[in-house]
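Descriptive structure summary
Residue strings, one per chain:
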Amino acid sequence: MFISLYTSRVVLDKLGIEDFGINNVVAGFVTMLAFFSSSLSNVTQRFLNIELGRGDIKRAREVFNQHQVLYCIIIAIVVILAETAGLWFVKNKLVIPSERIGAAIWAYHFAVISLSFTLFGIVYNAAIIAHEQMKIYSVVGIAEGILKLLIALILSSVHSDRLIVYSFLLMMVVALTQLFYAGFCHVKYKECRFLRYWDKTTVASTFSFIGWNFVGTLIYMLKGQGLNVLLNMYFGPVVNAARAVTSQVNGAISNFNANFFKSVQPQIVKSYAIKDMDRVKSLFFSSTKYSLFILWILDLPIALNISFLLGIWLKEVPDYTEIFTILVLTDSLLSTLTDVPWVITMASGKLKKYVLWSNSILLLIFPLAFIVLELGASPVAPLVVVIGVRILQIISVLRIVNGQIHYGIGDYINNVIKPFLYVVGISLPLCYFVKFLLGDAIFLSFLALAIMIIVVALSMYSVGINKQERQFVNNILTKFTKR
């Protein structure tokens, strides 16, 4: 997380606000072209987790190879679309200064190649997560972060076009990372070895899941990358730079939480596969609560010290970055409430109602954002719209999943919402008081950050966890102290 944040600082400084914004909107547009990639990952993880949960390695190998063939076909289609219709859109519709259009096109081509490697690596990433090999995932993630930092530092000695060089080197990092995952899986896991296999029943079942995932991820794409394009069309690349900085902050923090969640996800699916509903509900409550805690202990100190942190992180802070960051972190915190319900829905295979009713609510974001911008609103307005629509989506999600596993809304409120609200009620005023008391001096701001993290942690310990969880923490602290 810290490597990622420092890398963003260096890249923004070396590329400049304009090129940084161009890279964000171009790379984001490529990601938008393959918005379904997350749906592919979800489907592969679901099928592998089910078969591994049942201990059927032969069937897991068939699933792996079937999906690999499908993804190779999809890669070919994506590249053709990206280098024709997508390239036309970048040249003719995105707001890019004429003198930078050539560099933007090169950045676009390299982003397309990066995307191809990412799609190729989906099945291998899914296999690693299904086997709960978090150590490998962590080590490679840190190595990838260090390589990206080295690229950022190299930019200072580059005399040719830095945007082109930066995009090319990022492409190389993505390629090396995905090739490493592929090699590791081929050596480590039997189901990841090539097998000539094609089964119409498996393909039909896979495409049924991909179809509903496709709709859901299309909606999420419009929410994220669609807003980037919308902001670019109304305000140009400078606002995209602010949005890019915000995305870097949110991405670093969200990945911190996402990696925790990845360790829980296989257990939820495997428990569902063997019909252990008590464990599914237990994992639902605990993982959601812990995810909220992880984000809150990071989000609150950042939000209260946003001006100070951006000032020491970036040499030049783009306009709107502060408020963008606070609003996006708020939305990220709220979206945590939908993570486990989606995994449970994937495990059950009952995607239709979830997608049609829950994800469709998110469709309101793009037209509402368009309307407020047409009425002359500031760039902040679309992000406020996102939060309002997100709350409606959460209500829908919880109702749908309750119909699937009957966890009980009352139990959910008592085990997840109430503990979190107790923590917020104690930590927010105390942390605000700490900020007010210590002021904005550099040393005192660092001290305030440390105190705030301690305050939030103590709030979680005192009112956020139950007796059994508190005893578990006490045992860990006792062992650590004795050691």
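Scroll up for the structure.
Residues numbered from 1 in each chain as written. Predicted model: local features only at pLDDT ≥ 70, side-chain atom pairs only at ≥ 80, totals over all residues. Heavy atoms only, no water.

**Here we look at helix α9 (residues 237–273)**
The end-to-end C-alpha separation of α9 is 47 Å, well short of the 54 Å expected for 37 residues at 1.5 Å each. Where α9 bends most, the angle comes to about 30 degrees, and this point is S263, followed within four residues by the proline P266. Phi turns positive, to about 65 degrees, at K275, one or two residues after α9. (Helix = DSSP H or I, 4+ residues; strand = E, 2+ residues; numbered from the N terminus. Expected span 1.5 Å × (residues − 1). Bend = angle between axes of the 7 residues up to and from the residue.)

**Overview of the packing of helix α6 (residues 134–154) against helix α7 (residues 162–188)**
Between α6 and α7, whose axes approach to 10 Å, the crossing angle comes to 160 degrees. Taken together, the axes of α6 and α7 lie roughly antiparallel to each other. In the packing of α6 onto α7, the handedness of the crossing is right-handed. Along the contact surface, α6 presents I136, Y137, V140, E144, L147, K148 and I151, while α7 presents Y166, L169, L170, V173, T177, F180, Y181 and F184. In the contact of α6 with α7, the residues fall into twelve nonpolar, one polar and two charged. (Axes fitted to C-alpha atoms, helices over the stretch in contact; angles between N-to-C directions. Parallel < 35°, antiparallel > 145°, perpendicular 65-115°, else oblique. Left-handed = near helix turned anticlockwise from the far one by under 90°. Contact = heavy atoms within 4.5 Å. Nonpolar A, V, L, I, M, F, W, Y, C, P; charged D, E, K, R; others polar.)

**Quick notes on unusual backbone geometry**
The residue K275 is not glycine, and still its phi comes out positive at about 65 degrees. Tracing the chain through its elements places K275 in the loop between α9 and α10 (277–304). Positive phi is not limited to glycine here, since Y320 has a value of about 75 degrees. In this fold, Y320 is placed in the loop between α11 (306–313) and α12 (321–335).

**Structural notes on the packing of aromatic side chains**
Applying the stated rule across the entire model yields 19 aromatic pairs. Judged by centre distance (6.4 Å) and plane angle (20 degrees), the rings of F180 and F184 are stacked. Here F180 and its partner F184 are both found in helix α7, four residues apart, which amounts to about one turn of the helix. Residue classification places F184 among the buried residues on the basis of a relative accessible area of 18%. (Phe/Tyr/Trp six-rings, centres within 6.5 Å; stacked < 30°, edge-to-face > 60°. Buried < 20%, exposed > 50% of the residue type's maximum accessible area, 1.4 Å probe, protein only.)

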